[in-house]
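Next come the chains, spelled out residue by residue.
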Amino acid sequence: MQASPFDTHAVTNQPPPFFPRDLWADDIALREAVAREGAEAFAPRLAGYAALAGGELPRLADEAHRDRPRLRTHDRFGHRIDRVEFNAAWHEAMRTAIAHGVAGLSWHEPRPGAHVARAALAYLHYQAEPGSSCPLTMTHAAVPVLRHEPALREWVDKAAMPHYDGRDVPMAEKRGVTLGMGMTEKQGGSDVRANTTRATPLAGEGEYALVGHKWFFSAPMSDAFLVLAQAPGGLSCFLLPRWRPDGGKNALRLMRLKDKLGDWSNASSEVEFEGAWARRIGEEGRGIATILEMVMLTRLDCMLGSAGLMRMALAQAAHHARHRSAFGRRLVDQPLMRNVLADLALESEAATAFALRVAGAVDRAETDPREAAFARIATAIGKYRICKLAPAFANEAQECLGGAGYVEESLLPRLYRQAPLNSIWEGSANIQCLDVLRALAREPETRAAVLVELRAAAGVDPAFDAALAAGETALSAGTDEAGARALAERLALLLQGATLLRANHPLARDWCASRLGGGRGEGYGTLAAGIDLDAAIARILPG
Ligand SMILES: Cc1cc2nc3c(=O)[nH]c(=O)nc-3n(C[C@H](O)[C@H](O)[C@H](O)COP(=O)(O)OP(=O)(O)OC[C@H]3O[C@@H](n4cnc5c(N)ncnc54)[C@H](O)[C@@H]3O)c2cc1C
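In this text, all values refer to a predicted model and were calculated from it rather than measured experimentally. (Residues numbered from 1 in each chain as written. Predicted model: local features only at pLDDT ≥ 70, side-chain atom pairs only at ≥ 80, totals over all residues. Heavy atoms only, no water.)

**Q** Can you walk me through helix α9 (residues 153-160) in this structure?
**A** Since the α-helix packs 3.6 residues into each turn, any two residues three or four apart lie on the same face. Every buried residue of α9 is accounted for by Trp 155, Val 156, Lys 158, Ala 159 and Ala 160. On its buried face, α9 sits against α6 (105-108), α8 (130-146), β3 (179-182), β6 (224-231) and β7 (234-241). (Buried < 20%, exposed > 50% of the residue type's maximum accessible area, 1.4 Å probe, protein only. Helix = DSSP H or I, 4+ residues; strand = E, 2+ residues; numbered from the N terminus. Contact = heavy atoms within 4.5 Å.)

Okay, here's the thing in structure tokens:
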């Protein structure tokens, strides 16, 4: 072809587009973990969703993040409507996810492996459209709490259904619903006992009128919310729907939307309740215990989401490094870049394996008390470490793309903005670590479950064994609150190592050598000589 007279240069040394990609075929760590944790039967469906997560969903995410949600407090005639308008791509992403079970698979197909399969779907969805992961995970996590109240049966059934209906109409007119959660108030989020929203009993059994506010209230177009408020008997949990059972709009006022660092496709609002109708769930005064069942599952999804985010950032980095050359060699062949990529790969693999291991424990919790105890404590331990790693990880992956990684089209900026969120919400890092101390002190079965898990991995790797001995001593000695992060970190590293060792994972020894045996410095790309860089890099992407 003849060059156009306007051509100034030939475009070379640029990678081909990353999407579309088969995120199932690409992700060896995910496929292995799904099989290990007992969800092999769901593999074809996961592969199907992975194709969407590597195809249509990222396109929807681009649109939904570019065209952010808008608050509409009033209609043109001045009536209050308290609605948030979303780009059509948001609704399409929600519809796709819910139809494939990202929010409800564990509940509408309750069989062994369903929680693991749902977790894998959540991990895949987060890679493509993390904003909508917020309402999806809250809808999933609300179900066990709603089940405590027989009068809410219809809500349970509709939350579990693979039907999305984004209209602002009463629940009775919908086949499927979504749920949100309201705990955080202006005067205190971590310390929800400081909540001041008041719940006054109404004439109907279990019915209350709520007056007060929530300072963070995400996905405000959900059909209902689990909220905490002070009833006469103390802090209690309520279901607060957008529409009252008598068919009228509930007194839930959307005051404004948060202008957030990231998470742009999702709306997070501030709300006020002006005597809003709500139904109590559980006893008065047991609000925290009741809603904690939901929070356990949303925390699991924070961990899965961060593992997914790391995986996507890693895949982007490896793709770029394969196709870009500098100083006469492809980046992926530059020895120092190989150290960076291998180090990122080790971290990503361990995050994926551990997040799915905890999902497996949730799956087995109903019939296995040890797995239930493991899930209880491992969720806090894993959320702490994995969510905390994500921002630095995303930044390192971003830098693998050089300047292109700082440009929106590369996706890395969006991942980077999203990365801190999972560590902050659903209980920030300190709260997770204090929760680990609380579990160890008050629920001895959690300590026993951790020890069983760790000891089952002993005897095959010297670095792990040495760290385990020191870890057991630290666990027996205990710690005050100031040492909670150090203990949680130690347990996280050991448990991730144990997960890989027990799986006979090909990277287990290198993970233990680098993270437990001192074979690594502070930043990424500081793996010591002797770590098999090729083995870790070979698993990032096929071909
Ligand atoms: C985008 C976004 C959306 C959100 N959506 C929702 C939502 O839908 N529903 C909802 O209920 N909440 C939501 N939140 C709120 C979120 O869960 C809280 O911000 C979070 O739990 C922390 O509470 P806080 O902001 O009040 O901080 P604080 O409780 O004031 O904590 C500030 C810092 O102090 C630390 N800290 C607190 N207590 C201790 C202690 N005893 N020892 C040591 N350190 C401590 C915390 O870890 C944190 O780092 C959202 C937050 C964000 C950013």
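**Q** Please clarify how the environment of Arg 357 should be interpreted in this entry.
**A** Here Arg 357 lies in helix α11 (residues 335-364). Along the sequence, Arg 357 and Ala 378 sit 21 residues apart, while their C-alpha atoms lie 9.3 Å from each other. If sequence neighbours within four positions are ignored, Arg 357 has contacts with Glu 37, Arg 364, Glu 371, Phe 374, Glu 453 and Thr 499. One polar contact links Arg 357 to Glu 371, side chain to side chain, over a distance of 2.8 Å. (Polar contact = N/O pair within 3.5 Å; in protein donor to acceptor, adjacent residues only side chain to side chain.)

**Q** Sorry if this is basic, but what is going on with the packing of aromatic side chains here?
**A** When we look at a pair of aromatic rings, we describe it by the centre distance and by the angle of the planes. One pass over the full model with this rule turns up 7 aromatic pairs. For the pair Phe 18 and Phe 19, a centre-to-centre distance of 4.9 Å together with 90° between the ring planes defines the contact as edge-to-face. Given a relative accessible area of 8%, Phe 18 falls into the buried group. The interplanar angle of 70° and the centroid separation of 4.9 Å between the aromatic rings of Tyr 208 and Phe 238 together place this pair among those described as edge-to-face. Linking Tyr 208 in strand β5 (residues 207-218) with Phe 238 in strand β7, this pair joins segments that are 30 residues apart in sequence. Phe 238 matches Tyr 208 in its accessibility class, with the two residues each being buried. One cation-aromatic arrangement involves Lys 258 over Phe 216; the distance from NZ or CZ to the ring centre is 4.3 Å. Across from the ring centre of Trp 264, 3.9 Å away, lies the NZ or CZ of Arg 417, which sits over that ring. (Phe/Tyr/Trp six-rings, centres within 6.5 Å; stacked < 30°, edge-to-face > 60°. Lys NZ or Arg CZ within 6 Å of the ring centre and 35° of its normal.)

**Q** I tried to follow the state of the cysteines on my own but got confused; where do I start?
**A** Formally, a disulfide is one covalent bond, and it connects the sulfur atom of one cysteine to the sulfur atom of another. Under the counting rule described, the total for this entry stands at 0 disulfides. Cysteine Cys 134 remains unbridged, with the sulfur of Cys 302 as its closest cysteine sulfur at 9.2 Å. (Disulfide = S-S within 2.5 Å.)

**Q** Quick question: what am I supposed to make of the site of the ligand here?
**A** The immediate surroundings of the ligand are formed by 20 residues, with Met 183, Thr 184, Gly 189, Ser 190 and Ser 218 found nearest. Between an oxygen atom of the ligand and a side-chain N or O atom of Ser 190, the distance comes to 2.6 Å. The contact in question runs from a nitrogen atom of the ligand to an N or O atom on the side chain of Asn 430, over 3.0 Å. Coverage of the ligand by the protein amounts to 67% of the 970 Å² it exposes when considered alone. For the shell around the ligand, the secondary-structure elements that each account for two or more residues are β3, β5, α14 (421-424) and α15 (429-442). Here the shell around the ligand is composed, by residue class, of 9 nonpolar, 9 polar and 2 charged. (Near = heavy atom within 4 Å. Areas by Shrake-Rupley, 256 points an atom, 1.4 Å probe, with all protein chains shown as cover. Nonpolar A, V, L, I, M, F, W, Y, C, P; charged D, E, K, R; others polar.)

**Q** For this particular structure, what's the right way to read the packing of helix α3 (residues 43-53) against helix α4 (residues 56-66)?
**A** Packed helices, taken two at a time, are described by the angle between their axes plus the distance between the axes. At their nearest, the axes of α3 and α4 sit 4 Å apart, and the two run at 40° to each other. In terms of orientation, α3 lies oblique with respect to α4. Along the contact surface, α3 presents Tyr 49, Leu 52 and Ala 53, while α4 presents Glu 56, Leu 57 and Pro 58. Classifying every residue of the contact of α3 with α4 by side-chain character gives 5 nonpolar, no polar and 1 charged. (Axes fitted to C-alpha atoms, helices over the stretch in contact; angles between N-to-C directions. Parallel < 35°, antiparallel > 145°, perpendicular 65-115°, else oblique.)

**Q** What is the right way to read the nonpolar core from this model?
**A** As a rule of thumb, nonpolar side chains are buried together in soluble globular proteins. Leu 146, Leu 210 and Phe 464 are the most contacted members of the largest nonpolar core, which totals 185 residues. Looking at which element gives the most residues to this core, the answer is helix α10 (residues 287-323), with 18 residues. Residue contacts for Leu 210: discarding those within four places in its chain leaves Thr 197, Arg 198, Ala 199, Val 227, Ala 229, Phe 238, Leu 240, Phe 273, Glu 274, Gly 275, Ala 276 and Ala 278. (Core = buried A, V, L, I, M, F, W, Y, C linked by side-chain atoms within 4.5 Å.)

**Q** Help me understand empty space enclosed by the protein in this model?
**A** Any empty space left between the atoms is revealed when a probe the size of a water molecule rolls over them. Applying the stated criterion across every chain yields a total of 6 cavities of 30 Å³ or more. Approximately 70 Å³ is the volume found for the largest cavity. If you trace the largest cavity, you find 13 residues lining it, with Asp 27, Ala 29, Arg 311, Ser 348 and Glu 349 closest to the centre. Mapped by element, the contributors of at least two residues to the lining of the largest cavity are α2 (28-36), α10 and α11. The leading source of residues in the lining of the largest cavity is α11, at 4 residues. (1 Å grid on protein atoms, 1.4 Å probe; cavity = no way out; pocket = protein on both sides within 12 Å on 5 of 7 lines; lining within 4 Å. Points joined across faces, edges and corners; volume = space filled by probe spheres on them.)

**Q** Can you walk me through the layout of surface pockets in this structure?
**A** When its volume is computed, the second largest pocket comes out at roughly 740 Å³. Taken together, 26 residues form the lining of the second largest pocket, with Val 407, Glu 408, Glu 409, Ser 410 and Leu 411 sitting closest to its centre. Listed by contribution, the elements that provide at least two residues to the lining of the second largest pocket are α4, α10 and α13 (412-418). At 5 residues, α4 tops the list of elements feeding residues into the lining of the second largest pocket.

**Q** Looking at this structure, I do not really get the pairing of strand β4 (residues 198-201). What am I missing?
**A** Residues in a regular strand point their side chains to alternate faces of the sheet. In this structure, β4 lies alongside β5, joined through 4 bridges in antiparallel fashion. Considered in β5, the bridge of Ala 199 is made with Leu 210. Hairpin geometry of β4 and β5 is characterised by an intervening segment of 5 residues between the two adjacent antiparallel strands and by a positive phi of about 75° at Gly 206. (Pairing = 2+ DSSP bridges.)

**Q** It is not clear to me how the pairing of β7 should be interpreted in this structure. Could you clarify?
**A** Counting buried positions over the 8 residues of β7 gives 8, a clear majority of the element. Direction of pairing for β6 relative to β7: antiparallel, over a ladder of 8 bridges. For Ala 229, the partnering residue across the bridge sits in β7 and is Ser 236. The pairing of β7 with strand β9 (residues 268-281) spans 3 bridges and is classified as antiparallel. By the bridge assignment for β9, Cys 237 is matched with Ile 281.

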